[in-house]
Amino acid sequence: MVLHNLQPAEGSVKKTKRIGRGQGSGHGGTSTKGTKGQQSRTGHKTKKGHEGGQMPIQRRMPKRGFINPFRVEYKVFNLGQIDFLVEKYNLPEFTPDVLYVNGLINRTDLVKVLGNGEIKTTISFKVNAASAKAKDAIAAAGATLEII
């Protein structure tokens, strides 16, 4: 192989479409843009979702229900899951920072512990919320709970 023999693979390079070069080229006349309409004009740009004068879909769809802007979303962990997670990830304590480092939650997520299941480990909990049943079960297991 020498430099003067190099060439691209067969079929990988095509000639560019030269539009507006007369009727004999096959790309003359309307220059492959079709006839009339907004898209055939120069400088044609439309925003995403533009429907050309038709009533837009976000205005055709009915509004339903109520979305509470003050809703607080939590990432929920049941007591039954916590023993498994502590063993699998070797968690020293159950806090949002430790959970984030191990990829279990996102940076801005709030953590809530629910009382479904049993807990056997006695690690410390620092969470944003906990149910009453979870608080009782954590206290019974001898673990510490701090609401942050």
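Residues numbered from 1 in each chain as written. Predicted model: local features only at pLDDT ≥ 70, side-chain atom pairs only at ≥ 80, totals over all residues. Heavy atoms only, no water.

Colleague: Mind laying out the packing of aromatic side chains, listing which residues take part and the relevant values?
Modeller: With the rule as written, the count across this model stands at two aromatic pairs. Centre to centre, the rings of F77 and F94 are 5.4 Å apart; their planes meet at 90°, and the pair counts as edge-to-face. Placement of F77 in strand β1 (residues 74–78) and of F94 in the loop between α2 (79–89) and α3 (96–101) is noted, with a sequence separation of 17 residues between them. Residue classification places F94 among the buried positions, given a relative accessible area of 0%. Here F94 and F125 contribute two aromatic rings whose centre-to-centre distance is 5.4 Å and whose plane-to-plane angle is 50°, an arrangement assigned as tilted. (Phe/Tyr/Trp six-rings, centres within 6.5 Å; stacked < 30°, edge-to-face > 60°. Helix = DSSP H or I, 4+ residues; strand = E, 2+ residues; numbered from the N terminus. Buried < 20%, exposed > 50% of the residue type's maximum accessible area, 1.4 Å probe, protein only.)

Colleague: Residue-level account of the environment of N68, with values.
Modeller: Within the secondary structure, N68 sits in the loop between α1 (57–60) and β1. Take N68: its relative accessible area is 39%, and that puts it in the partly exposed class. For the pair N68 and G34, spaced 34 residues apart in the sequence, the C-alpha separation amounts to 48 Å. A polar atom in the side chain of N68 sits 3.0 Å from the backbone nitrogen of F70. (Polar contact = N/O pair within 3.5 Å; in protein donor to acceptor, adjacent residues only side chain to side chain.)

Colleague: So what about the pattern of salt bridges? Which residues, and what values?
Modeller: The tally for this structure, following the rule as stated, stands at three salt bridges. Between R60 and E51 there is a salt bridge whose closest N-O contact spans 3.0 Å. Between D97 and R107 there is a salt bridge, with the nearest N and O atoms lying 3.9 Å from each other. Placement of the pair is D97 in helix α3 and R107 in the loop between α3 and β2 (110–114), with a sequence separation of ten residues. Under the relative-accessibility criterion, R107 is labelled exposed at 55%. (Salt bridge = Lys/Arg side-chain N within 4 Å of Asp/Glu carboxyl O.)

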